[in-house]
Amino acid sequence: MAQRRRALIVGGSIGGLLAGLLLRQAGWDVTLFERSAGDLADRGAGLGVAHELFEVMIRVGIKVERSLAFPVHSSAWIGQDDRIVFESDRYWFGSAWPIIYQPLRKAFPTSDYRAGKTLARVEQDANSVTAIFTDGSREHGDLLVAADGVFSTVRRQFLPGVEPRSAGYIAWRGIVPENEMSPKAHKLLIDTSAFSFPDGEQTLSLPIPGANNDTRPGHRRYYFIWYRPANSARQAELFTDATGRSHGVSIPPPLIRPEFIAEMKQAARTGLPPVLGEVVQRAAQPLLQSITDMEVPQLVFGRVALLGDSAFVARPHVAAGTTKAALDAACLADCLRDDADLATGLQRYERERMAFGRAIVEHSRHLGTYLEAQLKPAAERGAAGIRDPRQIIAEYGAPHLVHQLDWDRLEALQS
Ligand SMILES: Cc1cc2nc3c(=O)[nH]c(=O)nc-3n(C[C@H](O)[C@H](O)[C@H](O)COP(=O)(O)OP(=O)(O)OC[C@H]3O[C@@H](n4cnc5c(N)ncnc54)[C@H](O)[C@@H]3O)c2cc1C
């Protein structure tokens, strides 16, 4: 019997776990290497989920239950005076990062999950690929999957200079338990995904499950993301901690300087519709990130394949980072099933996923055009400076690329 082929997966987040689980099913021997020694589930906030993500989770044997995502049956544009300006039946499902990550982590065999291993570089020849770690150890395989995220060590080795590009705005995110919302904010917001469009800015907020996936009324949480223009000098300030250390384009939440959080909460009080301002002010530990996007010209380098955020990063408006990673993983496993020739399979993977990656990044830029234009003087913004909230609500997400959850179909798949 032929020896099983070995895949080395670098990165143990959602993309890496799904790729690992699917390749195992496709007949590969898989070992996964994750830099973090701790529990990734401690991090993360609200997360957009699409039908395709759950289909892939079902494929790897996860029981997909309705508690994994919370339905929100309408979208509303909340005016600056708290009135609903426009309502549409565009519906959404909100979830949270740990809710998706945890079952995947549990499904992946602990014996093949090496935590605390940081990849330093990759070497390869005609017969094998070698992962070299910062502790000096080496692992050999037939394939290396780079699921090491937006600052991928692997991408930087093979595509030096390809880096996420700032879109000229940042996002504050936060979560508030629904029982801490005022009755007025709760009544107006809890059953809707609310968009607001303060001058030059944008918010989106929606309910997500509470602790332990609790979707019972009274136990849910309310999540917001608030986009604000920020030039490079401002971003440099925001991502520098109190000791003067710069963290680049994101910063661990506890290190965000208290004066920036206070300033943001003051701006929420005066600049957002009051119900949303109140939600933002109540967020215990806001998160801050720079909005960036990135595309690569190539996904495959010999025996190395980029996957998920290591390759294409779309802005969060498409709410599809995890779904894209899941679809990449499914495509890779399908292309490399059983005895498929590696080079041919990888070529097919590259062809199929490049097209999708480009399309989703492009749509995310389109959705952020208005925010990006804000850094220019008003007279130079042209059509980009004009926003149509109704159109933004209609095009939010990427309805032409990924689909809303259809529980009936998902349940049929599992019966
Ligand atoms: C802890 C965490 C929380 C997140 N929370 C959210 C959220 O709340 N909302 C949202 O929309 N998206 C969130 N994301 C991003 C989201 O998971 C991704 O956009 C999507 O799932 C595709 O991710 P990925 O698996 O390709 O890369 P990522 O999710 O970025 O994971 C990359 C993994 O690779 C590891 N890694 C990086 N470099 C190395 C190296 N040299 N050697 C070994 N391992 C390495 C990282 O530790 C990380 O676990 C989060 C990601 C992480 C890691």
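These lines cover the structure that appears in this document, whether it is placed above or below. Note that this is a predicted model, so its numbers are computed, not measured.

Attention now goes to the overall build of the protein. When helices and strands are counted, the protein shows 12 helices and 19 strands. Its C-alpha atoms give the protein a radius of gyration of 22 Å, within 12% of the compact-globule value 22 Å for 415 residues. Summarising its shape, the C-alpha atoms of the protein cover approximately 70 × 50 × 40 Å along the three principal directions. Burial status across the protein gives 44% buried among its 415 residues. The contacts of the protein with a sequence gap of at least 6 include a subset with a gap of at least 24, amounting to 73%.

Running from amino to carboxyl end, helix α1 (residues 14-25) crosses helix α3 (residues 97-107) at an angle of 40°, the nearest separation of the two axes being 10 Å. α1 and α3 meet at a crossing whose hand is left-handed. Judged by residue contacts, Ile-14, Leu-17, Leu-18 and Leu-21 of α1 engage Ile-100, Tyr-101, Leu-104, Arg-105 and Ala-107 from α3. Across the contact of α1 with α3, the residue classes break down as eight nonpolar, no polar and one charged.

Let's shift gears to helix α9 (residues 321-335). Between its first and last C-alpha atoms α9 spans 21 Å; for 15 residues at 1.5 Å apiece the expected length is 21 Å, and the two agree. Buried residues dominate α9, accounting for 13 of its 15 residues.

Tracing the sequence through the fold places Gly-174 in strand β13 (residues 165-177). Residue Gly-174 is classed as buried on the basis of its 28 C-beta neighbours within 10 Å. Each C-alpha atom, one on Gly-174 and one on Gln-414, is 34 Å from the other, the two residues being 240 residues apart in sequence. Other than its neighbours up to four places away in sequence, Gly-174 contacts Phe-224, Val-280, Ala-283, Pro-286 and Leu-287.

In this section: the site of the ligand. Taken together, 30 residues are adjacent to the ligand, and Gly-11, Gly-15, Gly-149, Gly-308 and Gly-321 come closest. The set of elements that each furnish at least two residues to the shell around the ligand consists of α1, β2 (29-34) and α9. When grouped by side-chain class, the residues that make up the shell around the ligand number 11 nonpolar, 14 polar and five charged.

What links the strands of a sheet is backbone hydrogen bonding, and the strands pair in either a parallel or an antiparallel sense. Spatially, the six strands line up as an open sheet ordered β8-β2-β1-β12-β19-β18, and their pairing is mixed. Two strands lie at the open edges of the sheet, namely β8 (113-115) and β18 (300-301), each paired on one side alone. Helix-sheet contacts for α1 involve β1 (6-10), β2 and β12 (143-146), and the interaxial angle to β2 is about 170°.

Counting 122 residues, the largest nonpolar core has Val-10, Leu-18, Val-145, Ala-305, Leu-307 and Leu-332 as the members making the most contacts within it. Take this core: its biggest share by element is eight residues, from α9. Of the domains in this structure, domain 1 (6-66 + 98-163 + 293-414) and domain 2 (71-92 + 167-292) are the two that each give at least three residues to this core. Once residues within four sequence positions are removed from consideration, Val-10 is found in contact with Phe-33, Leu-119, Ala-131, Leu-144, Val-145, Ala-146, Ala-147, Asp-148 and Val-154.

Extensive coverage of strand β16 (residues 221-229) is indicated by the burial of eight of its nine residues. In this sheet, β16 lies alongside β13 in antiparallel orientation, the contact comprising nine bridges. The partner of Ile-170 across the bridge, within β16, is Arg-228. Inspection of the sheet shows strand β15 (residues 202-208) paired to β16 by seven bridges, in the antiparallel sense. Across the sheet, the residue bridging to Thr-203 is Trp-226, located in β16.

Quick notes on the rules
- Residues numbered from 1 in each chain as written.
- Predicted model: local features only at pLDDT ≥ 70, side-chain atom pairs only at ≥ 80, totals over all residues.
- Helix = DSSP H or I, 4+ residues; strand = E, 2+ residues; numbered from the N terminus.
- Rg over C-alpha atoms; globule rule 2.2 N^0.38 Å.
- Buried ≥ 20, exposed ≤ 12 C-beta atoms within 10 Å, placed from the backbone.
- Contact = placed C-beta atoms within 7 Å.
- Axes fitted to C-alpha atoms, helices over the stretch in contact; angles between N-to-C directions.
- Left-handed = near helix turned anticlockwise from the far one by under 90°.
- Nonpolar A, V, L, I, M, F, W, Y, C, P; charged D, E, K, R; others polar.
- Expected span 1.5 Å × (residues − 1).
- Near = placed C-beta within 6 Å.
- Pairing = 2+ DSSP bridges.
- Core = buried A, V, L, I, M, F, W, Y, C linked by C-beta atoms within 7 Å.
- Domains from an automatic or database assignment.

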